[in-house]
Amino acid sequence: MATQTINKDELSNLSFILNKPNDVTFAERPKPSIQSPHDVLVAVNYTGICGSDVHYWVHGAIGHFVVKEPMVLGHESAGTIIEVGSDVDNLKPGDRVALEPGYGCRRCGNCRAGKYNLCPKMIFAATPPYHGTLTGLWAAPADYCYKLPDNVSLQEGAMIEPLAVAVHIVKQAVVKPGQSVVIMGAGPVGLLCAAVAKSYGASKILSVDIIQSKLDMAKEFAATHTYVSQRIAPEENAKAIKDLLSLPDGADVVIDASGAEPSIQTSLHVVRMGGTYVQGGMGKSDITFPIMALCLKEVTAKGSFRYGPGDYELAVDLVATGKVDVKRLISDVVPFKQAEEAFSKVKQGEVIKVLIAGPNEKQ
Ligand SMILES: NC(=O)c1ccc[n+]([C@@H]2O[C@H](COP(=O)([O-])OP(=O)(O)OC[C@H]3O[C@@H](n4cnc5c(N)ncnc54)[C@H](O)[C@@H]3O)[C@@H](O)[C@H]2O)c1
Ligand SMILES: [Zn+2]
Ligand SMILES: [Zn+2]
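In this text the structure is predicted, and so the values were computed from the model without any measurement.

Further remarks concern the overall build of the chain. Counting its regular elements, the chain contains eleven helices and 21 strands. For 363 residues, the compact-globule estimate of 2.2 N^0.38 gives 21 Å, and the C-alpha radius of gyration of the chain, at 21 Å, lies within 12% of that figure. Referenced to the eigenvectors of the C-alpha coordinate spread, the extents of the chain come out at roughly 65 × 40 × 35 Å. The proportion of buried residues among the 363 residues of the chain is 48%.

With that out of the way, let us pick up the sheet that holds strand β17 (residues 251-256). The six strands are arranged β16-β15-β14-β17-β18-β19 in an open sheet whose pairing can be described as parallel. The open sheet has two edge strands with one neighbour each: β16 (225-228) and β19 (300-303). In this sheet, adjacent strand axes meet at a mean angle of 15° when their direction is disregarded. One ladder, built from four bridges, connects strand β14 (residues 180-184) with β17; its direction is parallel. Its bridge partner lying in β17, Ile 183 is registered against Ile 255. The sheet strands contacting helix α5 (residues 188-199) are β14, β15 (204-209) and β17, and the helix crosses β15 at an angle near 175°. Its contacts with the sheet put helix α8 (residues 261-270) on β14, β15, β17 and β18 (271-279), and the angle it makes with β17 is roughly 170°.

Right, let's get into the site of ligand 1. Near ligand 1 you find 28 residues, and of these Gly 185, Gly 187, Ser 258, Gly 259 and Ala 260 are the closest. Of all the secondary-structure elements, those providing two or more residues to the shell around ligand 1 are α5, β15 and α8. Here the shell around ligand 1 takes three residues from α5, the largest share from any one element. Residue composition of the shell around ligand 1, by class: 13 nonpolar, twelve polar and three charged.

A cis geometry characterises the amide bond from Pro 128 onward to Pro 129, with omega recorded as 10°. With respect to the secondary-structure elements, Pro 129 resides in the loop between β11 (123-124) and β12 (137-141). Phi is positive for Arg 106, close to 70°, though the residue is something other than glycine. With respect to the helices, strands and loops of the structure, Arg 106 is situated in the loop between β10 (102-103) and α2 (109-112).

Turning our eyes to something else, we now look at helix α11 (residues 339-348). Among the residues making up α11, those that are buried are Ala 339, Ala 342, Phe 343 and Val 346. For α11, the angular spread of the buried residues around the axis is 105°, confining them to a single face. Turned more than 90 degrees away from the buried face of α11, the exposed residues are Glu 341, Ser 344 and Gln 348. Where the residues of α11 are buried, they touch β2 (14-20), α1 (51-59), β20 (330-334) and β21 (353-357). A positive backbone phi angle near 80° is found at Gly 349, which sits one or two residues after α11.

Bringing the confidence of the model for the chain into the picture now. Summing up the model confidence of the chain, the mean pLDDT is 96 and the portion of residues at 70 or higher is 98%. The least confident element of the chain is strand β1 (residues 3-4), whose mean pLDDT is 48; the most confident is β17, at 99.

With numbering matched to this structure, UniProt assigns "domain: Enoyl reductase (ER)" (unreviewed entry) to residues 19-356. Segment residues 19-356 splits into 30% helix and 27% strand. End C-alpha atoms: 19 Å apart.

Moving on: the sheet that holds strand β3 (residues 23-28). Here we have three strands laid out as an open sheet, ordered β3-β2-β7, and antiparallel in their pairing. For this open sheet the edge positions go to β3 and β7 (71-72), each flanked by a neighbour on one side alone. Across two bridges, β2 lies against β7 in antiparallel orientation. Bridge pairing in β7 links Ile 17 to Val 72.

Let us look at the domain arrangement of the chain. Assigned domains of the chain: these are domain 1 (8-147 + 325-357) and domain 2 (166-303). Measuring from the centre of the C-alpha atoms in domain 1 to the corresponding centre in domain 2 gives 30 Å. In this complex, domain 1 contributes five residues to the contact, which on the side of domain 2 involves five residues. Considering only residue class, the side of domain 1 that touches domain 2 consists of two nonpolar, one polar and two charged.

The subject of this paragraph is the packing of α1 against α11. Contact geometry for α1 and α11: axes closest at 10 Å, N-to-C directions at 100°. If you check the angle between α1 and α11, you find them roughly perpendicular. Here Val 54, Trp 57 and Val 58 of α1 come into contact with α11, specifically with Phe 343, Val 346 and Lys 347. Among the residues making up the contact of α1 with α11, the classes are represented as five nonpolar, no polar and one charged.

Before going further, it helps to spend a moment on the nonpolar core. In this structure, Val 42, Leu 163, Cys 193, Ala 194 and Ile 255 are the most contacted members of the largest nonpolar core, which totals 105 residues. Take this core: its biggest share by element is nine residues, from helix α4 (residues 160-173).

Among the five residues that make up β14, five are buried, leaving the element largely enclosed by the rest of the structure. Every second residue of β14 is oriented toward a common face, with Ser 180, Val 182 and Met 184 on one face and Val 181 and Ile 183 on the other, all of them buried. Where β14 lies against β15, five bridges are found, and the strand directions are parallel. Across the sheet, Ile 183 pairs through a bridge with Ser 207, a residue of β15. Crossover connection from β14 via α5 to parallel β15: handedness right-handed.

What counts and how
Along each chain, residue indices are assigned from 1 in the same order as the chain's sequence is written. To label them, take the chains in the order written and letter them from A, then take the ligands in the order written and number them from 1. At least 70 in pLDDT is required for a residue's local features to be given in this predicted model, at least 80 for side-chain atom pairs to be given and counted, and no such filter applies to totals for whole chains, interfaces and linings, which use all residues. Secondary structure elements follow DSSP: runs of H or I of four or more residues count as helices, runs of E of two or more count as strands, with numbering from the N terminus. Atoms considered for the radius of gyration are the C-alpha atoms alone. The globule rule reads 2.2 Å times the number of residues to the power 0.38. Residue burial is a threshold on neighbouring C-beta atoms within 10 Å of the residue's own C-beta, all placed from the backbone, with 20 or more meaning buried, 12 or fewer meaning exposed, and counts in between meaning partly exposed. Two strands pair if DSSP finds at least two bridges between them. Axis definition: a line fit to C-alpha positions, over the contact stretch in the case of helices; interaxial angles, taken between N-to-C directions, run 0 to 180 degrees. By definition, residues are in contact whenever their C-beta atoms, placed on the basis of the backbone, come within 7 Å of each other. The criterion for a residue being near a molecule or strand is simple: its C-beta atom, placed using the backbone, must lie within 6 Å of it. Only Asp, Glu, Lys and Arg are considered charged, only Ala, Val, Leu, Ile, Met, Phe, Trp, Tyr, Cys and Pro nonpolar, and every remaining residue, Gly among them, polar. Directions drawn from the helix axis to the C-beta atoms are what define this arc. Confidence of the predictor at the level of single residues is captured by pLDDT, which takes values from 0 to 100. UniProt positions are given in the numbering used here, feature names are shortened, and annotations may be inferred rather than shown by experiment. Here the bounds of each domain stem from an automatic or database domain assignment. Any angle between 65 and 115 degrees counts as roughly perpendicular, while under 35 counts as roughly parallel, over 145 as roughly antiparallel, and the rest as oblique. A set of buried residues drawn from Ala, Val, Leu, Ile, Met, Phe, Trp, Tyr and Cys, joined through C-beta atoms within 7 Å, is what defines a nonpolar core. Seen with its strands pointing away from the viewer, a crossover is right-handed when the path leading from the first strand over the helix to the second is clockwise.

Spelled out as structure tokens, the structure:
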């Protein structure tokens, strides 16, 4: 059923496994194989560490997703195709791909409506009970693997996942040329939202954070303006942001990529009458929300969850055409065996994005 060049028997399937909070191990796991003629087998080259991986490592749960059995971490990966099923015609062994790590059921109403990110039966890497991609070999449906052009590296390929999150957020915000966009949070997602908004033609892009060094990066990367959020009332932070942008009526679009309650509150006071607010950050489940501002300004408020049709393709294109330089966000690349140390670094918050080389990667 499969054509093969690299022999998978020669590759390790060493995996980085979370047993329970703050307890991780490395173990060789059974090698996956192609289950359907539409599947491919991928050797994982690089995986970025996401805040959610760190959250599972520290707390063992995110909301109602609880790690009950040992789980392989990681979901931001790029790899090399080593086998393809008999019906795969878009990929061949040796192709380098970005892996989209969540698979909808293809049959429910949301999947059929083209909103597979909202599939109730979603199988998503490193979201319990499903294993993640910090492993040697990964079997996936071929249509969730995106071929990287020759000028996009495998390390850049591992950055396509967070970039696709930002693409989805900016699409939800319907950013138009010439608009003003305020982005709360200058972590990887906020920084990438700023870059995508710029590529959509936004003319004023203001990044907000509580840490000056994050804003220095934002200014270098894509933002036209930055603002350090102060410990004052949300209305006062909002006024300072509007003054800084010379926009007394507020910004066309406000995106939250922080999940922090004060920044969400500020957002509703920054957005203009009839403007758009998008919730991308995930913090506390319930907060005090300025609902009167939402009502009186007829704000269009939307959520944004992961990514959907076309988001990965656009993310790859933004990197290939040089519009978003994801390389600048890669703080470090470490060997597989240093995965736990890398998680500690991300937890301490001194880095932007750390990549872990796959267990078969020679370093
Ligand atoms: N919607 C989705 O599908 C999706 C996908 C991935 C991540 N996320 C969420 O997006 C958010 C950003 O992800 P990330 O990887 O960049 O995380 P991150 O933790 O690196 O970035 C969050 C940033 O917000 C800043 N911040 C904290 N409090 C703030 C405040 N009061 N005002 C302004 N900034 C503040 C932090 O200093 C940090 O720089 C997280 O909440 C994450 O859970 C959502
Ligand atoms: Zn992620
Ligand atoms: Zn579905």
